[in-house]
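# Results of the structural survey
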Amino acid sequence: MAFTTRKSLLAKVHSGDACSWDDFYKAYKPLILLKGDDLGLKQDEKQELIQNVMFEVFAKDITGKFVQDKIPDDVVFTYDPSKGRFRHYLRKVVKFQAIKILKKRRNNVSLNADDDMENFFPADDVWNASWDEEWHRHVLNQAMVELKNRVQPETFAAFEMYAVQNRNVQEVAEFLNLSVSSVYTAKSRCVSALREIIKDLEDK
């Protein structure tokens, strides 16, 4: 997903800038789906999880104002950085909504039966570790999009083929009609830029 604004969506969220429903939905849907898969949710439950998480995040801007499948793209969300790390906030929202769905599936379990939670939801340390791992992967994916928009196409292609796909440097050079030294330079330049981008995207 490409962002036309000066900052990426993640950077905008972390700085407290407004983000549109459409951008936010497209960016975080894959991450929420992944967590739904981790929990063994059914297809309809995963879609419910996505919608419920989005509705909670955008609660002040959409509750009671729009039909669920007709939310305008210009509806915005603004996160208050003083509340702490956004990834922790989102992790909490996803967990809360996932537990609601799992409890609804097991309708014989009381909504207040926290002692039974360990029977169908990962322990906090397992959930948090899994979330952090997948969050970092999400950030890397977003950073790669940023990088692609920042450097020349042949520079990104050389980096992707050589550093990401692990192709032979001579093969990459010949395929892109570049010198071997140019491929090495492309890798160095992109690695440096990628580190800078990731630093900007990660929670402070």
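Report on the accompanying structure.

Calculation criteria
Each chain carries its own residue numbering, running from 1 in the written order of its sequence. This being a predicted model, a pLDDT of at least 70 is required before a residue's local features are given, and a value of 80 or more before pairs of side-chain atoms are given or counted; all residues contribute to the totals for chains, interfaces and linings. Hydrogens and waters are ignored; side-chain quantities use all the structure's heavy atoms. In this description a helix means any DSSP run of H or I spanning at least four residues, a strand means any run of E spanning at least two, and both kinds are numbered starting from the N terminus. Burial classes follow relative accessibility: with a 1.4 Å probe on protein chains only, a residue under 20% of its type's maximum area counts as buried, one over 50% as exposed, and anything between as partly exposed. Residues belong to one nonpolar core when they are buried, are Ala, Val, Leu, Ile, Met, Phe, Trp, Tyr or Cys, and are joined through side-chain atoms within 4.5 Å. Every residue pair with non-hydrogen atoms within 4.5 Å of one another is taken to be in contact. Definition used for salt bridges: Asp or Glu carboxyl oxygen within 4 Å of a side-chain nitrogen of Lys or Arg.

One non-glycine residue with positive phi stands out, namely asparagine 166, at about 60 degrees. Structurally, asparagine 166 is set in the loop between helix H7 (153-164) and helix H8 (169-176). Phi angles above zero are rare outside glycine, and asparagine 177 is one such case at about 60 degrees. Residue classification places asparagine 177 among the exposed positions, given a relative accessible area of 70%.

This part takes up the nonpolar core. When a protein is soluble and globular, its nonpolar side chains tend to lie buried together. With 47 residues, the main nonpolar core has Phe24, Tyr28, Phe86, Leu90, Trp135 and Leu147 as its most contacted residues. Contributing elements (two or more residues each) for this core: helix H1 (9-15), helix H2 (21-38), helix H3 (43-57), helix H5 (86-105), helix H6 (124-150), H7 and helix H9 (180-201). It is H5 that contributes the most residues to this core, eight residues altogether. Ignoring sequence-local partners within four residues, the contact set of leucine 147 consists of Phe156, Phe159, Cys190, Ala193, Leu194 and Ile197.

Our next topic: the environment of glutamate 171. Counting through the fold element by element, glutamate 171 comes out in helix H8. According to the relative accessible area criterion, glutamate 171 is partly exposed, its value standing at 40%. Spatially, the C-alpha atoms of glutamate 171 and methionine 161 are 9.4 Å apart, while their sequence positions differ by 10 residues.

Here the focus is the pattern of salt bridges. This model, assessed by the stated rule, comprises 10 salt bridges. Residue glutamate 196 pairs with arginine 150 through a salt bridge whose shortest N-O separation is 3.5 Å. In this pair, glutamate 196 is assigned in helix H9 and arginine 150 in helix H6, connecting sequence segments 46 residues apart. A network of salt bridges, in which partner residues are shared, links Lys35, Asp38 and Glu134.

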